[in-house]
Structure formats: C-alpha cells, structure tokens
Amino acid sequence: MPYERLDKDVQMMKAAGINVVRIAESTWSTVEPQEGVFDFSHIDRVLNAMHKADIQVIIGTPTYAVPTWLVRKYPAVLAITPTGQNQYGARQNMDITNPDFRRHAELVIRAMLGHVKNHPAIIGYQVDNETKAYNTVGPAVQKLFVQYMQTKYKSLDVINKAYGLDYWSNRINSWEDFPSTVGTINASLGSEFSKFQRQLVTDYLAWQAGIVREYKKPNQFITQNFDLDWRGYSFGIQPDVDHFAAAKALDIAGIDIYHPSQDQLTGTEISFGGDVTRSMKGGQNYLVLETEAQGFPQWVPYPGQLRLQAFSHLASGANMLEYWHWHSIHNSAETYWKGLLSHDFEPNPTYDEAKTIGQDFNRLGSHLVNLQKTNKVAILFSNEALTAFKWFGFGWGTRETYNDVLRPLYDALYRQNVGCDFVDPSSTNLESYKLLIVPALYAAPNSLLERMNRFVQNGGHVVYTYKSGFSDENVKVRTTRQPGVITEACGVSFSQFTIPVKVALKGDPYQVGAENNRVTTWMELLTPTTAKVLATYDHPVWGKYAAITENRYGKGLATYIGCGTSTAVTEKIVADAVKKADLWGPDQAIRFPLITKSGVNQQKKTVHYYFNYSAEPGSVPYPYGAGKELFSNAAIAKNQQLQLAPWGMQIVEEK
Amino acid sequence: MPYERLDKDVQMMKAAGINVVRIAESTWSTVEPQEGVFDFSHIDRVLNAMHKADIQVIIGTPTYAVPTWLVRKYPAVLAITPTGQNQYGARQNMDITNPDFRRHAELVIRAMLGHVKNHPAIIGYQVDNETKAYNTVGPAVQKLFVQYMQTKYKSLDVINKAYGLDYWSNRINSWEDFPSTVGTINASLGSEFSKFQRQLVTDYLAWQAGIVREYKKPNQFITQNFDLDWRGYSFGIQPDVDHFAAAKALDIAGIDIYHPSQDQLTGTEISFGGDVTRSMKGGQNYLVLETEAQGFPQWVPYPGQLRLQAFSHLASGANMLEYWHWHSIHNSAETYWKGLLSHDFEPNPTYDEAKTIGQDFNRLGSHLVNLQKTNKVAILFSNEALTAFKWFGFGWGTRETYNDVLRPLYDALYRQNVGCDFVDPSSTNLESYKLLIVPALYAAPNSLLERMNRFVQNGGHVVYTYKSGFSDENVKVRTTRQPGVITEACGVSFSQFTIPVKVALKGDPYQVGAENNRVTTWMELLTPTTAKVLATYDHPVWGKYAAITENRYGKGLATYIGCGTSTAVTEKIVADAVKKADLWGPDQAIRFPLITKSGVNQQKKTVHYYFNYSAEPGSVPYPYGAGKELFSNAAIAKNQQLQLAPWGMQIVEEK
Amino acid sequence: MPYERLDKDVQMMKAAGINVVRIAESTWSTVEPQEGVFDFSHIDRVLNAMHKADIQVIIGTPTYAVPTWLVRKYPAVLAITPTGQNQYGARQNMDITNPDFRRHAELVIRAMLGHVKNHPAIIGYQVDNETKAYNTVGPAVQKLFVQYMQTKYKSLDVINKAYGLDYWSNRINSWEDFPSTVGTINASLGSEFSKFQRQLVTDYLAWQAGIVREYKKPNQFITQNFDLDWRGYSFGIQPDVDHFAAAKALDIAGIDIYHPSQDQLTGTEISFGGDVTRSMKGGQNYLVLETEAQGFPQWVPYPGQLRLQAFSHLASGANMLEYWHWHSIHNSAETYWKGLLSHDFEPNPTYDEAKTIGQDFNRLGSHLVNLQKTNKVAILFSNEALTAFKWFGFGWGTRETYNDVLRPLYDALYRQNVGCDFVDPSSTNLESYKLLIVPALYAAPNSLLERMNRFVQNGGHVVYTYKSGFSDENVKVRTTRQPGVITEACGVSFSQFTIPVKVALKGDPYQVGAENNRVTTWMELLTPTTAKVLATYDHPVWGKYAAITENRYGKGLATYIGCGTSTAVTEKIVADAVKKADLWGPDQAIRFPLITKSGVNQQKKTVHYYFNYSAEPGSVPYPYGAGKELFSNAAIAKNQQLQLAPWGMQIVEEK
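Residues numbered from 1 in each chain as written. Chains lettered and ligands numbered in written order. Predicted model: local features only at pLDDT ≥ 70, side-chain atom pairs only at ≥ 80, totals over all residues. Heavy atoms only, no water.

Looking at an unreviewed UniProt entry, chain A carries the name Beta-galactosidase, with the source organism given as Hymenobacter jejuensis. In its Sequence similarities (unreviewed entry) section, UniProt records this for chain A: "Belongs to the glycosyl hydrolase 42 family." Quoted verbatim from the Catalytic activity (unreviewed entry) field of the UniProt record, the comment on chain A reads "Hydrolysis of terminal non-reducing beta-D-galactose residues in beta-D-galactosides." (UniProt positions renumbered as here; feature names shortened; annotations may be inferred.)

Written out as structure tokens, the structure reads:
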C-alpha cells in the first residue's frame, strides 16, 4: 500500500456491502522478516479495523511464497524441476516436500495462528493457495517416489511387467538403479509419477489443515483456494491436483474462477468452475475465493456484467464471492490485474456496480445462499485419464488435451441448460445419476469400467467419447478388442483408428450443415456388434465403419462417439442422450445466450435464475409455479414471459 | 508382451508368409539385468520357436539403449550435448565414444553372440540400430576432436588460415587453448566437427561389425539399419552419417523407410530410400529392415496400399521387407506406432492384406529378388555440402536445408520415371553415368570440381543448382568469380546474388503458367561467358541477368540453375537434361501417379513394374517385348495397354 | 584474408575515393596470441600501406572478442547470463565487469596504443564496439548491484516500500539476503537492474576512453560504434545502453545503421539513426562507422540506392561514412554479410557505384560536411520508460515494445519532412524546442513531468501517447488519477483502460477511411477535465469516452493520444500538432517518398537535399532562395521544379 488509508478503504468496502476479506496469504517475508522474528502488527491492524467495521476475515497461511532469508539459508527449498532448480522471485517456486521448508512453514503457521486465533473477526482459514507440486522432481523427491513405488508395488518384476519397461531397455532390475523419471519415455512410469505428484499436494494440504485445525475454533472453517486448468483463464479440470482427494482435508471447498469478459462473456466458466467445486465435497456449497473485478485490461466489464457474474456464481451454489483484489497493485507483477479499485483508489464504474451487488446481496442474500441443487446428469472425469491423454492424445504435433475433449461436452450441457455435477473414479454416488457423460476415459481399471457396465445394465445412460477404455490404470493398452471392457455395454468394437482428412458424417444425420458435419481430430473405425449405428463416415474408404453408435444394454443405454465432432453435432448428441434418459424438461426450451439455473433455498423454496449472456434483450417463458421476482418483488405467473435486459437477469422464487 | 502367446504369434506369422524376424535389438536391460549377469532365455525361446516354424532370424546387438545399472555406475555413458547431459529414459542417449559404454557394449555383444552363434535360425546380424553420434560434444569427445585435428592438420597455423579463425578473435594459438566447438560461430570449424562426428559413427559401426565378425558364420551377414533425414517421415539424405563410408564395414546395407500414406501415398520415399540404400554398396540389393504396417494413426493404409508399397520396395532392389513391428506395443512410447497387428492381436484389414503379400512373395519371389538395376542418371550428394548448407543456406530465419534442394530434383526424376542412383564425392564410378544431377554442392574441394569438369569434357551431362562450387572443403568461399572451378564447364559466372521478391522467369520459358513460373528462395545474378541462356529474370532491375544456363564444354553439357524454381519448372529442366543426354525413353511416356520400375531378375529376364499411386484407375502402354504379367500369369504383347486398378499394379516379365 | 593483396586493395580503395579505414577491432587473438606476447606486425603493415596511400586510419581497441587463452586461464571472463554461462565462440560473450578481463583488456590496449600511438596515419580511436553488458548477471555482478543499491538507497526499508516488495513475499529484510534479480517478478527491481546494467556500459566505455586518452594526440578523436535496437535491421532506441550518458566519455559519437533495401528502402532508418546519433552530443556531427554495402543477400542495392543512402547520411549530419566491410569474408560467420567487394575481390556494380560516391564526396565534400541543423521539434525518449514498457506493455502475449510506439511517431515526422532531434530526461535543452513528441513515457519522476507541464505552460507544445506518466521512476504506479502529474497540462484523466476489439474513432475524424480509422492495441477511457476532445471511441459501450484530446495550458498546447492509431491517423495527429506549433513550412509541401533535409554548411550557406525514395521519377518545387544544384552545378531559381530520377537526388546550395 503506497500510503496509509485503511480507514478510507474500510469505509469504501462497507459502502460496497463487502462483509468479508481474505488476508495474510503470501506475506511470509513481512510476518517473519528474519528466521524466528515475527511481526504480526499488520495483521492485527487489519483484523481490528475489519472487526470494528463488522467485516469478517479469512486468514490465509503465508506459505505460498517463501522469504529471501529462507532461500539463502536453505537453497534446497527451491524446487528442482525438469528444467533445473527454480530461482528466487516468483511464488510457487518451492519444493513442498523439502523438510526445511516444511519445518519453517509449520513454525510460521503456528506463530501466526497462535497470535490471531482468538480474534473475533476471523471466520475461517485458507491453507496455502493454488497449491501444486510445481513439478518438483529433484533427487529428494525421486527418493520419495521410489519409496512410494516400493510401497505400492513391492516388486520390480510387477512394475517391469505392468509398465512394459523392457521396451527400449528401460527395465529396472534393482531398486538402487531406479532412474529419475525426468527423462522417461515410458508413459506408464511418467503417468504414475504425475499421480505421485498429485498425491504430494493432497498430503501437503492435509498436513497444513491438520496444523490449522489445532488452532481454529469450532465455528471457523478451513478451505483452500483451488484453481482450474489455466488457458489465459479458468478452462478445465486441474491437471496437477486431485481435487476430490485434496478437498477431503477441508471443511469447505474454495475456488478461483477467471474468465473472458466483454463480448466474450458467456458464463460458461462460472458454471463449470462452480459445478466442479460444488462436486468436490458432494454437492456442498462452496466459496469463490477469487474472481475478476476489472481484471486484465481486456476484461474490464461492460455495464451489468459484474452483476450478472456475481449472481451466476450464487446460482451455481456459491456461498461467498471475493474479488481479486480490492485495489490495483502499484508495483511488482500483477499490476495490470486490476481490482475493484483502480490505482487511484477512487470510485469507478466497476466499483460502483459492485456497490449494487453488495446492496442486493444484503437485501436478498437469505433467499440465495445455501442453495441446494439436485442434478441427474454428471460428467465423469479422471485425473489419470487426463495425464495419460498428455502422453497419448491425438498424436505428435497436436496440442489438444483432455480438457479439449471434456469442455465441449460440458458446454453442450450448459448451452442447453442441463444442470450437471462432476464425479470422478473415487465417487461413490455414480448410481444417483441417470446420465453420465464420459470424455476420453483413456486410462481406467477394469473395476471402474465394469462398474460402468453395471450402471448401464441397471438402467443408467452413458455417453462415452473415443479413447475411452483403451488402457488400464497403468496406461497399458488392453489386449482385447477396443474399447475393452465397455465393449460389452456399448455393443461396438474396433481395432483400427486414423486421423480424419476430408471426412464427414454420412448424410448429415444431425442436420447441422456441411461445415458442422465434418469429422475432426480422431476417428475410430467402429464395427457394431449389438449397437445401433447413429452415424457412419462419409469417405471413400472408411465409409463402411460406424462413427457414432448407441446400444441398449440391460435396462440402460450406452452411446459411443468414435470421432471428433463439431460443437453443433456434440450438442445434438448430448441433447439426444438427455432426451433418451428422460431428462429433457422445461428448462431445455431455453438455450444460450439465455441461461437458467435453479435450486432450493433455505426457505425450502425453489429459486429459478434467468440470465441473459448477450448484448441483445432476451425473453424467456417462465414454466413453473407462480412465484416472485426477487429484484423487483413482482409476482410472476406460470407461463409468464420474462424480459431480460442486455447482460440482465431475473430471479424467481416459487411460492 | 502382456501375456504368453508365442505359439499363436508364430502361427499368425506363418499364415502371413513371414519368413524372417529381427529380434534382440534394444534389449540390453533384459539380457544383462545386472553387470555381468546374463539371461538369454527370451532369445533362446524365440530362436527355437522360429526355427521350428522355419522362420529365419536376424539378431540385433542390444546396444542401442543402455540399461539403468550402466547409467548408475557410469553416469558419463550419457552423452553431453550442447544442451547439457542427456537424461536416462530415451534410447540413443549415450556417448558412443565413452570407454565404459564401449567396454560393456562389447561384453554384452560377446556374451550374446557367444551364446547364440550356433543357432541354425540365424541368417544374419544387425549391429546397433539407426546409429548416430547423437551430438556428443563433452570434454572427452572434445579431446578426441583435438587429436583428430592434430592428426589431420599437424599445425594450428594451417587451421587458423584455412578456417579464417582470425575473424572475431577466434584464432587458436596453442593446442591447449583449443576451445569446445559447441559455441563456435566459425562455420569451417563447426562443419569439421560435424564431419568428425560422422566419422565416430563410421568407426563405431566398424568396431561392432569387427566384433560380430568374430562370431558369425560365413553364410551369415552383417547389416545395419540406417535411416534417412526425418521430417515426420523419411525425407532425405541423413545428415549425421556418411552412409557410403559407414556401409563399408557391412555385408549388406539395411534401411528403414517411413512415408505418408492414404491420399498422400506417392511411393517417392520408397523409391528415394531404395535408391540411396542400393547405392551404398554400389548397386547391391539391400534390406528394408523396417517400414510401416499400420504405423501412425494417419498412416493406416487404404486397401491395396500395403501391397503397392511392398512390391515398390522390391522394384527398387530390396531383397527383404520387414514391418516395424509385428504387433502394436501396449506401454511405453511407441504405442501409437502400430504394427501389423493391433493391440488386440487379432486379424485386421492390414494384417489380412499382408497375408496376400506373403503368398505372392512366396509364389513369385524367385522372379523378383536380386533384381539388378542399371541407371545412367545419378544424383551427386555430399554430406559436407549438406552440413555447410546448414551454416550458409538461404540466410537467417530460413528453414530450408540441403535436402529441400535435393528432393525436388529427385522427385522430378521419380515423377518422370527416370531411374537413378546416388553417388557421393567418394564414389569412383561417376564416369559410368551419362547425367549427373548436383544439388547445391556448396562445399567441395577443387579436385572434385575439376573431376566434374573433366566428366563434362569427356561427354558427360551435369545439372548443377545454385550454391554449387561456392566454397572449398573447409567451407572457405573461393576467391575467384563464382561458381568457382565449375565456371569453366558451366560457362557462366556471378559475383552478386539476392533473394527474389516478385521475380519470375522472363516470358515463361518453360510454359508452366504464372504461379509455377515464379522464382523463389534464392537468385544468383548470372552472366554467361560461353553459356547459352535458358532463362532470364523478369524484374525491373535484375532483368539483365541470366537465371538458368547451359553450356557445351568438350563433348558434354553443363546446365546451371541459378535460382529457386517451382516443381513444374524443375521437372522441365530435368526432362530437358535427360533428353539432351539422350536418355529419354519409352518409360518417360508414363508419369506420376503411374510409376514404372525395371531391372533384370535372377532368370536374367527384364522385369517391368507398373504401379498406380492413385485412387483412380490408370492405364499405361506396355512398350517392351512380349512378356507375362506375373500376378495373373497373363501374356502381354508389346504396345498392349495395361489397366491398373486404384492403388494397383502389374508386373511384366519379358520373355 | 585468403591471400596477400594489400597493395591491390589499397589501389581499389583509392579508386573508390576511400580516405579512411577502421582496423584492429576484434583482433585480440592475433595481436596477443598468448598472454603477454604481442604481435602488432599486421597493424603496422596496414598502417604503413594506408599512410603511404594517404588513407587515414581509425584504430579500434581489440576488446570486443576475447582470445582462447584468456578464456582457458580465466573461465569466469565469460559472462553468466540468465540462461547460464556463455560459451566460447561468439563475440560479446564476456563479463565486462570481470577483473581478469579488465586487467588483460587494459594490458592489450596499452600495449597496442603504446606501439602505434605515433603513427601519422591515425586520426582517431574507437573504444570497443557495440558495447553492452550482454546481460551479465552472475554472482560477482550481483554483488556489484547490491553495492549500487546500498549506495543509491541506503536503507532496505526504502527499497521495500518504493518497489512494493511485500507483494508475493519478495520483501528483503537484510542486505545479506538480497536475492539475484534473475528470477524476480518485481518490475521495479527488474527495471533497476536493467538501469544498473546500462550504467555498467557507461562506466566501461569511460574506463576504456580514459586509457586511450593517455595515448592519443590532441588532434585525434575517441569514438564508439553505438548501435540501435535490432530487428533484423536498425529499428529503434537501443534498450541496453544509455546513449546520451555513454557518449559523454567520447569526443564524437559513432553509429552503425543497417536497413532494408531494394523495394523496401525508405531512408527512415538512416534519418532515425542519424537524428539519434547527432543528438547524443547535442547536435554535433557524427560518424557512420558501419553501414551496408551489399549486406545481406536481400539488401544488394538497386542501381542508385548506394548513392542515395550515402548522401542521406550526410543530410542528417554525418561527417564520415564507412561500409561494413571492404570485402566479403571467406569463412566464419559473416560470410553472407557482403562488403563492397564480393568474395572474388573484383569490381562489381556495388563497388562501381561506390566509386562515384567517392568522387562526389571528393568534389563536393567541403560543401556537405559539418552540416549544422536546427530543429524545433524533438522526440523525448527514455530508457527507463523503455525498460518499464517491457514489463508493462500491452499485456501478456503481446510483443510490441516501446520502440513500436516511438517509431510510428518518428516515421510520421519523417514522411512529412519535419526535421527533429532526440532528447532524453537528462537533456537540459528541452526548452529550445517548440514541439515535443513523447511516446509512452511510462516511468518518469514527478520532476520530469512537472518540467513538462511548465514547458507547456510557457508556450511549448507536447504530444503524449497513452501510457505516459503512469508510473514513477521506480515503476510504481501513481496513486492519483491517470495520467498523473501531466493531467494538469493535458486536461484529461482516466481510471480504466482496455484492449480495443472492433473499435474505431467516431465519425472518422481524420478522414482516413474505415481501415485506417480503427483503434488498435490499447485504449484508455479518457474523460476530459479541461481538454477539447479531438476523437471519441465508436463502440456501443466505450462510446462515451474520449480517445484523443488537446488542451490549452498556459501559453502552450498538450495533445494526448489515448489509444493505438493507424499510421494514417498518427500522421494526421502529428501534422496537426506541427501546424498548431506554427512549424508547418514549405518543406511540408513535399512528402514521402520524396524527402528533403537541410542544414547550414561550412560556408554558412543553407543546403537543401531532395531525395527520391522510389522507383518512379519524382518532382518537387524548390521554395527557397536562388541557389545552385551541386551535382550538376546548375542554377536553381526559387519555385523551380526539381526533377528527381528514380532513387535519385539533387542538392541545392542557397546563394
């Protein structure tokens, strides 16, 4: 902060209806300027000011960025990555397994929490921030990995066989010889190392949470600020963290969500990130610990957009919304990641709009928080499949990742207003869904695939894409006809696949026009056994093979998409599956850019959100029981037409 | 292999007519699991099974990929390259000059060969695989290089002068000061180091062959699996190996050839790789030790293509055809480089087509193997010129290499069905050709160029491109008018050159249309002395200079191409040269996609292959004496029209 | 030199009118082949030959490239950069702060100058060449940087606050902990380190100049060959050197200027480089120590261009013109950077044209050298702003640099024949100008901005672009409304900015057509306080904000450009500013490709150059008093039309 203005800040926060702030994260060098010398005066000052103003505080542990003295004394705290040892400067540069880092991290956490624990402003704690293993691979980590492998496999013979290490002489004949995985060309070994790295994150967060738990009061929570796969914005499943596993040590899941804005604002990432985070702890409400205010220069919101975004978060089940950050930073690195206030600390259009959000949250919040959502559709994702896809995606020179397969499926649901949850292979609640969407489940154990077969047999619906079921949990390709175990439920098999060049779906079966009817990226040459063919390839040679099939199996239905399809075709396939699962309802009369979300509030009433993600006015029929529009307090009758302003919204609470 | 199925594999191989397999390569970690502990049981098992099935075996020495224990004990076996020391994991990561590597490689070779040498299934040995120096540049290699330089040049004064090391203070005044060439900016020094690295490969293969020769029986051969410049497929002359020199230590040359497929299948790489390999040992038949079956996903062959490819190899003089690999690999790295069998080990369209090839080889093989070919056209290539072109090609920021100059010339011959051989500066048989095509012979000693002049003088025809004769064997630019020594035969000279921008050939002299008439990449501002001008530049300033010339010199003719030309113009120039060399014959009535190849078989009869590299049916006149079509056994009369199915072929054996 | 031909070279130089050569630079390995062993015979030989031929010599100190023995004995002379330690080979690879390098550099300079100092051929000395700090960052340099910081700031508290180091825990609490800046993410710290590196260059050149000054005669000069930001040619302000500071140690400024040629020859770089270099020492004439003869292959000049270029240099105030280099180099690296002679040493069109230049220089030189120029327009550039712009330019993923903002402004002046000088924040003569053009003055102290305000108040005109005034000298963003201090003179402020997507200037205010009217790259959402709005944004949301404004302040006028504009709009804005500053004169009746330059010669007469940078003939009115065309000696009357041949020129000396 360039000059003292805490009182002014608090006053402006209050004016904007802000009732919670997050502090102390990444402040290690300030709170412990030298080893063992602590100074929490900044924290005290802010805590007191906030408490006085009735603003609650989340305390972040300061371990996300290491101080200079720690690096100087223990250079090994900087992680060794495949490109060498990290240098001091950036955050997220440390080896989270390093004993000196751990010891000092624990000391500063204990000192800080011991100091603040009784402060009444605190509602909860955030352990670390956007934690990853940061690709730490040095000798010490390698030692841990070998121990992990010894524990998991006991015998090298098992590993050599399961991973096919004989190939190119990669066989390991003695634990002492176990080479670093940095240079490995063996996808099984490489993928297992990635899994091990994700485990390091889970363990680290559990370790921090355990320390914090010794200090926190029963009414205080522990959270983490997870983040998503980053593609200039929050794009997909986080490759470096097993979110479902890591969230177990927390009381409540937290997330940061950043997304394109202005004419590119669609709400998709808000919905996607919300659905992922809500699913982390089985449908529990979650915290949006960071999202953009002004953000990047290209993200300065149009009038109305900040409001639209804020209520969209609530509509997905968020219970809190925090902006990163309050004011714009004057030096350092994130100077152009602008906060609610610009560098001049003065009111501006974004801050002014935030004030209306605060007022509305104040006024309507009790009808909006703790929204309970019940979805019958889920996306089954898998970090193992994601990692394996990095090794064996669409081939050398291609850039598409697992998330490029997953997101179009999610987007198809979103754009057609089909609410969904996320499940992963550890989920025990698959059976509570009627339809599972399964992108490229490339690596999976037999047990999971057999469970999926039973799911269909028992009446469930599944949509698989290409590259599902191909390899086992060790990324070893199955020796049966593909798609392996799920062939049974899908009623289709193949032995060859190729890259489509000038291939379309024969006869435009989804009536999407020539451009949208093209097959892209990947094509499996499917032969149905019992499946019904939904589409074949339009190609002089491959025309005899099926492209998309569906199969009745037991009481259920399994759809298999054998090739890359356009957005339009993907939407049609998904719509078809939703209909066949008998889930096509009144919300599906509306489609993007008009978006609806719903849930049951604390008053046990159903709340329907209607959002207009467009610069044009919109209008939607309201198909449910009579209710009340919450902003205007206007009565809404069944089948009444709701008018939505550009970037506008309405919220109807059923009676 | 995920499960035991050797008998089944053998049975399927037999069904496909497979009568040779290659084994043991890259298995060091299996056959020597710990230092000095050997286990050849896998090899024995396969040898016995193959022998029982009457399938012959090529044993590869296992040295291509090093085991973990070797790296742990002797970390220096991993080569130091300009980007640092290699890491364990990939194949081809070792320093082939490292004494510990050499010692252990020799031990495992001797142990393996001592163990198997009497097995009757073995027909030959492959030494190592796709051997290179892998850019090894560490201090130990540098020491060898300095010794090499001392031996070659004796005096630093000679080097300083020959290489122009005074420039930018690179002068070396004491052998002790000799710096690593890794950072050198001196193209002469850098090129010499590349030559030295190629020499390491020659020496290494000769060393391995020497060891193997101590064990092999007189009726067994020694080969190597050479490969070509790789551009996602086999593209051009291998930059890292002097093929002609390295092949001297072998009994028979081997090659792997991979190429685009499906609609991109042209047969060019099969022909190119075959011509190069056949030329390595002076026209001797060769082994295709690897080629694609299904290969990459984008290479899955269309029906008929696998057959077309197989017979195309024979038509170029191959005596053996092996697929990489039998079945697809279930783990590791080359999982998506698919074999004859998919991962499911079941018959599939590719395998089924291979069966027909096996049957036809069986039936017709005695008329097809040991094909003798006699060409009057050769391409003169040079590894020295190739390396020098890397330093001084078309200028900073350009990516074209020597092979980008060579391949269009080769392709022009191929597409016009002009058979050719390859010669290099070491070849003693230049004089047996009527036409030599010489791409960018940038670095060459006076002796070679004077020999070329005499070749023309004595009645030979030569086509040179730009950048020929420019520098001497030390990559020192000649101080005479360019193109130096060959000015005499070419009757043309220049002192300036530039990059063409909106330049064409004046008046479209080859009648190829505006697009094809453009000059690209490079243009020398030629002034004829005695040459006839074939084309001048169409440009307001450069219009007074010649672009392409030809010159009668003695009894011969020298064509000089001073600029980059389109495929169409290149074909016309080459056709013109072939005609003027009086080599235009009946085969030239046919052109790509219809391809013809011929040779004399063991029965001393001339065999004519006709291939259709197209999805459309084709038809060619058969201009030779009456014969028999080998597949159908049908009689063929002179001037009869042969019908070629899409991707089809016919083979006519003259009576 | 491949063979002895000094006499022939001298004879050809004389024939071309060459009267000065530069030698000895980068010859350390030749003049000191081993430590302490000196051999200046080459230098003596050339000095004697030149003296005999009446050609004068500039001696370059040989320190630009280090000899092998120095590197072997003191490996630390090779700089450690952020990507590791440099390797031997290239020039410019040393750490200019290394004590061993310094000691030996001093020894060789003293030995060489002691040896040659009395030679009558010498007219001056060049210290080193294109000197930079070469990004030296190793531990020794880091130590120097910490000392520099201690001297500058005394206290870490000051630094922590000024640089905002608390952010992401970058706070430094003890001088011992001061981390390397290599990995820093703090733009303030990173920018200061860049400034420190530029200071190293200033100090190093002053140190060398100090040594040389002990030897040189009073009539000999000391210069340096500065160079410009390199973008394949000389493009903009040099980021790595504070030219104005570094030039203080010299007697006369020198520069090398390379530029596109053939159809891309515009003269812009000649003019730009000349204006920068002339401004280094306050309008003093300068030396062009290197420029292209044939240069790169794509630069071979069209007939007339070499002459056009040569006289363009003189028209900007150059007093000497040297080509890099005399003849083309036969080995090493710069082989395709061709000299006046090709590798064949024979006359060629470029050399032949150079002969006419030499003759004309000889004939007319006394009317052309020592040209005095007086400009009322200057561009205010800043190395601090340039560096800060690297950190905070147009955002992640963009490539535009400070020079991409500066050059279009310069080019707008050039194309409209408005002569200009350069000033930087250290300049004491701002007040001598009527119009200052200020590109993206992103980082600047209050004192400079207040001085600029006063400049306007006192009647000066200023044109600022976006991103001016934003941060202070420590790259800390100001906490006031933007553009900070200059808001006062500009009468405009903003708090938000964004990236333009489909944004234009409302109503095409500069009448440039739709394509040219587009807003690109950056847009500030301006609100005028007292300013007049020249343009607003054409956009549904941002339409209410101003894009370009001007403001009367005191007796002057400040224009503020808040967004990226096309070349056409930039020219219009600049023209408008020139007119309002009452500087629009007769030269502005001419515009590119017809260029005019003028100055006062030694005869105190005004000389007007007219250049035609085009392949089409041109014609310009001559608006000044009667004079004489110097080439033809023809009398020229006022208002006479001058005919300019393609790439031609005329020079009129007023009576």
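*Asks:* Please explain the nonpolar core as it appears in this structure.
*Replies:* A general trend in soluble globular proteins is that nonpolar side chains are found buried together. One finds Phe 422 of chain B together with Phe 422 of chain C to be the most contacted residues of the largest nonpolar core, which totals 631 residues. Apart from residues lying up to four places away in sequence, Phe 422 of chain C is in contact with Ile 237, Phe 244, Phe 272, Asp 275, Val 276, Ser 279, Ile 379, Phe 381, Leu 406 and Tyr 410 of chain C. (Core = buried A, V, L, I, M, F, W, Y, C linked by side-chain atoms within 4.5 Å. Buried < 20%, exposed > 50% of the residue type's maximum accessible area, 1.4 Å probe, protein only. Contact = heavy atoms within 4.5 Å.)

*Asks:* Help me understand the pairing of strand β15 (residues 435–438) of chain B in this model?
*Replies:* Here is the key point about a regular strand: its side chains alternate between the two faces of the sheet. All names here are of chain B. Burial along β15 is two-sided: Leu 435 and Ile 437 and Leu 436 and Val 438, pointing in opposite directions, are all buried. Judged from the 3 bridges that link them, strand β13 (residues 377–380) and β15 form a sheet pairing that is parallel. Bridge assignment links Ile 379 to a residue of β15, and that residue is Ile 437. In terms of strand pairing, β15 meets strand β16 (residues 461–465) through 4 bridges, oriented parallel. Bridge pairing links Leu 435 to His 461 in β16. With helix α15 (residues 446–457) bridging β15 and its parallel neighbour β16, the resulting β-α-β unit is right-handed. (Helix = DSSP H or I, 4+ residues; strand = E, 2+ residues; numbered from the N terminus. Pairing = 2+ DSSP bridges. Right-handed = clockwise from strand over helix to strand, strands pointing away.)

*Asks:* What is the right way to read the interface of chain C and chain A from this model?
*Replies:* Bring the parts together and some accessible area is lost; that lost area is often taken as the interface size. In this assembly, 48 residues from chain C lie in contact with 51 residues from chain A. Roughly 4100 Å² of surface becomes buried between chain C and chain A when both sides are summed, with 54% attributable to carbon and sulfur atoms. Put simply, Glu 346 of chain A and Arg 481 of chain C hold a salt bridge, and the shortest N to O gap is 2.9 Å. The interface formed by chain C and chain A holds 29 residue pairs in polar contact (both at pLDDT 80 or more) in total. Mapped by element, the contributors of at least two residues to the side of chain C that touches chain A are α7 (156–163), α8 (187–213) and β18 (497–498) of chain C. The class makeup of the residues in the side of chain C that touches chain A is 22 nonpolar, 17 polar and 9 charged. (Buried area = accessible area lost by both parts, 1.4 Å probe. Salt bridge = Lys/Arg side-chain N within 4 Å of Asp/Glu carboxyl O. Polar contact = N/O pair within 3.5 Å; in protein donor to acceptor, adjacent residues only side chain to side chain. Nonpolar A, V, L, I, M, F, W, Y, C, P; charged D, E, K, R; others polar.)

*Asks:* Mind showing me how you'd approach the interface of chain C and chain B here?
*Replies:* Across the boundary between the two partners, chain C contributes 51 residues, which contact 48 residues of chain B. Regarding the contact of chain C and chain B, the summed buried area is about 4100 Å², with carbon and sulfur atoms giving 53% of it. For the pair chain C and chain B, the interface holds 3 salt bridges. We note a salt bridge from Asp 177 of chain B to Arg 72 of chain C, for which the minimum N-O separation is 2.4 Å. Elements that contribute at least two residues to the side of chain C that touches chain B include exactly α2 (28–31), α4 (68–73) and α12 (349–368) of chain C.

*Asks:* Explanation requested: the UniProt feature "domain: Beta-galactosidase trimerisation" (unreviewed entry) in chain A in the structure shown.
*Replies:* The UniProt entry lists residues 376–583 of chain A under the feature "domain: Beta-galactosidase trimerisation" (unreviewed entry), expressed in the numbering used here. The annotated region residues 376–583 of chain A carries 25% helix and 25% strand content, and the separation between its end C-alpha atoms amounts to 8 Å.

*Asks:* Is there a simple way to explain the relation of the copies chain C and chain A in this structure?
*Replies:* The operation relating the two chain copies consists of a rotation about an axis and a shift along that axis. Mapping chain C onto chain A calls for a rotation angle of 120° and an axial translation of 0.0 Å; the resulting RMSD is 0.0 Å. On the angle and the small slide along the axis, the relation comes out as a three-fold axis. (Least-squares fit on C-alpha atoms with pLDDT ≥ 70 in both.)

*Asks:* Help me out: how do you make sense of the domain arrangement of chain A in this one?
*Replies:* Residue and element names in this part refer to chain A. As assigned here, chain A comprises domain 1 (377–582) and domain 2 (591–654). Taking the mean C-alpha position of each, domain 1 and domain 2 sit 34 Å from one another. With 6 residues of domain 1 in contact, the opposing surface of domain 2 contributes 7 residues. Looking only at domain 1, the three residues that lose the most surface to domain 2 are Tyr 414, Arg 415 and Asn 417, adding up to 84% of its buried area. Linking domain 1 to domain 2 there are 1 salt bridge. (Domains from an automatic or database assignment.)

*Asks:* Looking at this structure, I do not really get the side chain of Gln 305 of chain A. What am I missing?
*Replies:* Residues and elements named next belong to chain A. Looking at the element boundaries, Gln 305 is found in helix α11 (residues 305–315). A polar side-chain atom of Gln 305 sits 3.0 Å from the main-chain amide nitrogen of Tyr 302. Those residues within four positions of Gln 305 in sequence are excluded, and the remaining contacts are Ser 261, Gln 262, Leu 265, Glu 353 and Trp 647.

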